[in-house]
Structure formats: structure tokens, C-alpha cells
Amino acid sequence: AGVALALVAAVLVVFVEAAAAGSGIPEAKAYLNGVNYARYLALRCGGVKAAAVVFACASGLMVGREGPLIHVGAVVGNALATWP
């Protein structure tokens, strides 16, 4: 069951939203320094990141807690800041 959950997490990141790959901290720091990553702060990217982290943790993989939380928090903050 663990392999299937890890496969779901990998398929989400590879085929649905590739910008959700990685920790999230280096991308957030780069964005704050002026680098504009395409789709990094999109709601779809945050949703895929959150779902992939849940599946990866459920499969038994070791996932850091700070990086994904910073990425999802940045997505939520951007969504609230750009709300019409």
C-alpha cells in the first residue's frame, strides 16, 4: 500500500503540477528576491503540494515539515493578497 501511495504522490507532482516539486524554501526565498517562477504561487500548485505531501507521508516516506508548509503558506498568502 505504501508504494501505491508514493506513486500517487509522484504522479501528482510529475503530471499535474511540476512546480510543486521540491521543498519550497529555496523557491520562496528566490521569489522574495525578485525571481518570478511560473505557476509557483498558483492555487493548483499549492493544492497539489498539499495532496502530494499527505500521500507521501501516508506511504511512509520522510517528508520535512517546514518546506511544504512554507510553500503552501506562500500560496495561501498570495491568494489572499491578490483577492479582488
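Residues numbered from 1 in each chain as written. Predicted model: local features only at pLDDT ≥ 70, side-chain atom pairs only at ≥ 80, totals over all residues. Heavy atoms only, no water.

## Side note on the nonpolar core
Thought 1: In terms of nonpolar packing, the biggest core is built from five residues, these being Leu12, Ala19, Ala20, Cys45 and Val48.
Thought 2: Residues within four places of Val48 in sequence aside, it is in contact with Leu12, Val13, Val16, Glu17 and Ala20. (Core = buried A, V, L, I, M, F, W, Y, C linked by side-chain atoms within 4.5 Å. Buried < 20%, exposed > 50% of the residue type's maximum accessible area, 1.4 Å probe, protein only. Contact = heavy atoms within 4.5 Å.)

## Focus: the layout of surface pockets
Thought 1: Here the largest pocket is characterised by a volume of approximately 170 Å³.
Thought 2: Residue lining of the largest pocket: 13 residues in total, with Ala20, Gly22, Lys49, Ala52 and Val53 positioned closest to the centre.
Thought 3: Breaking the lining of the largest pocket down by element, the ones donating at least two residues are helix H1 (2-16) and helix H3 (43-59).
Thought 4: When residues in the lining of the largest pocket are grouped by element, the largest group, four residues, is from H3.
Thought 5: Of the residues belonging to the lining of the largest pocket, the class tally is 10 nonpolar, two polar and one charged. (1 Å grid on protein atoms, 1.4 Å probe; cavity = no way out; pocket = protein on both sides within 12 Å on 5 of 7 lines; lining within 4 Å. Points joined across faces, edges and corners; volume = space filled by probe spheres on them. Helix = DSSP H or I, 4+ residues; strand = E, 2+ residues; numbered from the N terminus. Nonpolar A, V, L, I, M, F, W, Y, C, P; charged D, E, K, R; others polar.)

## Brief notes about the packing of aromatic side chains
Thought 1: For the coordinates displayed, the defined rule picks out one aromatic pair.
Thought 2: Here Tyr37 and Tyr40 contribute two aromatic rings whose centre-to-centre distance is 6.1 Å and whose plane-to-plane angle is 55°, an arrangement assigned as tilted.
Thought 3: Classification of Tyr37 as partly exposed rests on a relative accessible area of 36%.
Thought 4: Residue Tyr40 is classed as buried on the basis of its relative accessible area, which comes to 3%. (Phe/Tyr/Trp six-rings, centres within 6.5 Å; stacked < 30°, edge-to-face > 60°.)

## Topic: H3
Thought 1: For H3, which comprises 17 residues, the first-to-last C-alpha distance of 24 Å matches the rise-based estimate of 24 Å (1.5 Å per residue) to within 8%.
Thought 2: Burial in H3 covers these residues: Cys45, Gly46, Val48, Lys49, Ala52, Ala56 and Ser59. Seen end-on, H3 carries its buried residues on one side only, within an arc spanning 160°. In H3, the exposed residues that point more than 90 degrees away from the buried face are Leu43, Val54 and Ala58.
Thought 3: Looking at the buried side of H3, the elements it contacts are H1 and helix H4 (66-81).
Thought 4: Taken from the residues just after H3, Gly60 is the one with a positive phi, measuring 100°. (Expected span 1.5 Å × (residues − 1). Arc of directions from axis to C-beta.)

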